[in-house]
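A look at the structure
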Amino acid sequence: MEAKAEAARLAKSARREAENIKRDKLLEAKEEILKMKADLEKEREDRRNELQKYEKRLINREENLDRKSDLFDKREKALRQKEVEIQKIKAQAEQLRAKQQGELERIARMSAEEAKSQLFKNLERELALELALKVKQNEEKIKEESDRNARMIISNAIQRLAADQVIESTVSVVPLPNDEMKGRIIGREGRNIRMLESLTGIDLIIDDTPEAVILSGFDPIRREIARMALEKLIHDGRIHPARIEEMVEKAKKEMEVRIREEGEQATFEVGITGVHPEIVKLLGKLRFRTSYGQNVLQHSIEVAMLAGSIAAQLGLDPLCAKRAGLLHDIGKALDSEIEGPHALIGAKFALKYNESKDVVHAIAAHHEDEEQHSIEAILVQAADAISAARPGARREALETYIKRLEKLEEVANSFEGVEKSFAMQAGREVRIMVRPDQVDDLIAASMARDIVKKIEEEMEYPGQIKVTVIRETRAVEYAK
């Protein structure tokens, strides 16, 4: 009985517990359903709001499109009205232009064609002024090009024909086999030396100079005759007044032959013919005359070559220019005998022996003793200046020139990293080779400025000096 009662109690308790579990599960299910329903409602509400937003946007766009369409319609209408107004204005302007043209024709008392003609005349005047301006500009351009071409022609002539023409102008020195010969030259009571001096007009200086006699005199030809005669006497060994007279006469004859040969050689070298023998003789005498250390005959030959080369490049007669250049200084062979400028003396002498008027004028005008009125005269003057003034032509200029080149290279070589330096273009440019492993590009630029500064501080020079620093890197490989 108790077991049944307990079983009934347990069954009842189990039913009650099952009912409670069932009720709890139902409540949980309801709550879950409610929650899901709330989520669905919220999602549906969000979608509804989003759709409403899209709908509002569409409505706004439609309204904007409607407003723009209305605005375009209004503008189109306004444009049509303005077009109509413009047509009216154009018609009025055409009427007004015709009226003004008629009024202008009445006031100006000329027709439209006459006004056009006047306008064209004004335009022609303006064009003429512009044309004159263009012509002036072209003339200036042509002048610049002509100057550049002239410099090129002169440079080419110098490059082809310039040579070292420096010859020392000093007293003549005759070497002796021994000092005993000095006594024989002096002679008993000085009769030999007096005879030699009286016949040649040259002073013989016999001093402590070992084994040498110095000949001094203003006339280079007389000095050369004295030198030749003295050398013959020394070689012969018989020195007495009669022998001295004989040797001096023989030296004079040889000198005349030599002068003629020197003149003929000069004409042959230049390439001119038909020169009078007296002019050839004067040219030969120039062989023994110097000017600032520059031999006058060699200078004349160089002037002839330069003038002929320039004349040929300019399309002129090179033979006339050469002839004038060769003869331009013949007056120097006579200026000790005749008073006056050597240019005019030479011109008179050339005219006397039937040289052409152009040649005579070029000789007379090469130092502007006469006004130049021919191109040949200008060419001879230019060639004379080039030959006399170029570096190395005269002794003083040569010494200064060499010293300046040496100083220029010395300044360049004083900088660290310099491998070699070369003075070029008569000292107007110096090119410096640097070691690439010691000097980079920036240092090279700085070095150029420093060298320029040092040159300006330490040297005196005409014009300007270009400094070029060259840095070269080479990569060398061999294919085997």
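Remember, predicted model here, so these are calculated numbers, not experimental data.

Here the focus is the overall build of the protein. Counting secondary structure elements, the protein contains 14 helices and eight strands. Accessible surface, the protein as shown: approximately 33100 Å² in total, 52% of it carbon and sulfur.

So, on to helix α11 (residues 357–365). Among the nine residues in α11, seven count as buried, and that is most of the element. Here α11 has its buried residues at V359, V360, H361, A362, I363, A364 and A365.

So, on to the packing of aromatic side chains. Using the criterion set out here, one finds one aromatic pair in the structure. Each ring, one from F349 and one from Y353, has its centre 4.9 Å from the other, and the planes form 55 degrees; the classification is tilted. For F349, a relative accessible area of 14% translates into the label buried. Accessibility expressed as a relative area gives 18% for Y353, which makes it buried.

It is worth spelling out the sheet that holds strand β8 (residues 466–471) at this point. Pairing is mixed across the open sheet formed by three strands, whose spatial order is β6-β7-β8. The strands lining the two open edges of the sheet, one partner per strand, are β6 (418–424) and β8. Across the sheet, the axes of successive neighbouring strands diverge by a mean angle of 20 degrees, strand direction being ignored. Sheet analysis places strand β7 (residues 429–434) next to β8, joined by six bridges and oriented parallel. By the bridge assignment, R431 is partnered in β8 with T468. Contacts between helix α14 (residues 441–458) and the sheet are confined to β6, β7 and β8, with β8 contributing the most and set at about 155 degrees to the helix.

Leave glycine aside and you will find that most residues have negative phi; peptide bonds, for their part, are mostly trans. Of note in this structure, E189 is not a glycine but carries a positive phi near 55 degrees. Mapped onto the elements of the fold, E189 is located in the loop between α3 (180–186) and α4 (191–200). On the basis of relative accessible area, E189 is assigned to the exposed category, the value being 71%. One non-glycine residue, N354, lies in the positive phi region at around 65 degrees. Checked against the element boundaries, N354 lands in the loop between α10 (342–352) and α11.

Let us now look at the layout of surface pockets. Approximately 510 Å³ is the volume attributed to the largest pocket. Contributing elements (two or more residues each) for the lining of the largest pocket: α4, α5 (220–236), α6 (241–270) and α7 (277–286). Tallied by class, the residues present in the lining of the largest pocket amount to nine nonpolar, three polar and 10 charged.

Moving on to the sheet that holds strand β3 (residues 212–216). Read from one edge of the open sheet, three strands run β1-β3-β2, paired in antiparallel fashion. Looking at which strands have only one partner, the edges of the open sheet turn out to be β1 (172–175) and β2 (203–205). Neighbour-to-neighbour, the strand axes of the sheet open up by a mean angle of 30 degrees, direction not taken into account. In this sheet, β3 lies alongside β2 in antiparallel orientation, the contact comprising three bridges. By the bridge assignment, D203 is partnered in β3 with S216. Set on the sheet, α5 makes contact with β1, β2 and β3; between it and β1 the angle comes to about 5 degrees.

Right, let's talk about the confidence of the model for the protein for a bit. Summary statistics for the protein give a mean pLDDT of 81 and a share of 89% for residues scoring 70 or more. In the predicted structure, residues 164–170 sits below a pLDDT of 50 and forms 26 contacts with residues beyond four places in sequence or in another chain.

This part covers the pattern of salt bridges. Taken as a whole and assessed by the stated rule, the structure comprises 19 salt bridges. When the shortest N-O distance is used, the salt bridge between E231 and R227 registers 2.7 Å. With E231 and R227 both in helix α5 and four residues apart, the pair spans about one turn of that helix. Overall, the relative accessible area of 34% leaves E231 in the partly exposed class. Note on R227: relative accessible area 19%, which makes it buried. The salt bridge involving R431 is made with E429; its shortest N-O contact spans 2.9 Å. For E429, a relative accessible area of 4% translates into the label buried. Ionic contacts of the salt-bridge type, sharing partners, join the residues E224, R227, E231 and R258 into one network.

Right, let's talk about the packing of α10 against α11 for a bit. Their axes nearest at 7 Å, the elements α10 and α11 cross at an angle of 165 degrees. Compared by their axis directions, α10 and α11 come out roughly antiparallel. Here α10 runs over α11; the crossing is right-handed. Listed contacts from α11 to A343, L344, G346, A347, A350 and L351 of α10 are V360, I363 and A364. Its residues assigned to classes, the contact of α10 with α11 comprises eight nonpolar, one polar and no charged.

This next bit is on a negative patch on the surface. A contiguous patch of negative charge on the surface is contributed by D24, E28, E31, E32 and D39. Here D39 lies in helix α1 (residues 2–108). Judged by its relative accessible area of 45%, D39 is partly exposed.

Right, let's talk about α5 for a bit. The terminal C-alpha atoms of α5 lie 24 Å apart, and with 17 residues this matches the ideal 24 Å at 1.5 Å per residue to within 8%. Turning to α5, its buried residues are I221, R223, E224, I225, A226, R227, M228, A229, L230, L233 and I234. Looking one or two places after α5, you find G237, whose phi comes out positive at around 90 degrees.

What counts, and at which threshold
Residues numbered from 1 in each chain as written. Predicted model: local features only at pLDDT ≥ 70, side-chain atom pairs only at ≥ 80, totals over all residues. Heavy atoms only, no water. Helix = DSSP H or I, 4+ residues; strand = E, 2+ residues; numbered from the N terminus. Areas by Shrake-Rupley, 256 points an atom, 1.4 Å probe, with all protein chains shown as cover. Buried < 20%, exposed > 50% of the residue type's maximum accessible area, 1.4 Å probe, protein only. Phe/Tyr/Trp six-rings, centres within 6.5 Å; stacked < 30°, edge-to-face > 60°. Pairing = 2+ DSSP bridges. Axes fitted to C-alpha atoms, helices over the stretch in contact; angles between N-to-C directions. Contact = heavy atoms within 4.5 Å. 1 Å grid on protein atoms, 1.4 Å probe; cavity = no way out; pocket = protein on both sides within 12 Å on 5 of 7 lines; lining within 4 Å. Points joined across faces, edges and corners; volume = space filled by probe spheres on them. Nonpolar A, V, L, I, M, F, W, Y, C, P; charged D, E, K, R; others polar. pLDDT = per-residue confidence, 0-100. Salt bridge = Lys/Arg side-chain N within 4 Å of Asp/Glu carboxyl O. Parallel < 35°, antiparallel > 145°, perpendicular 65-115°, else oblique. Left-handed = near helix turned anticlockwise from the far one by under 90°. Patch = residues over 30% accessible without salt bridge, like charges linked within 9 Å, V, L, I, M, F, W, Y side chains within 5 Å. Lys, Arg positive; Asp, Glu negative; His and termini not counted. Charge placed at Lys NZ, Arg CZ, Asp CG, Glu CD. Expected span 1.5 Å × (residues − 1).

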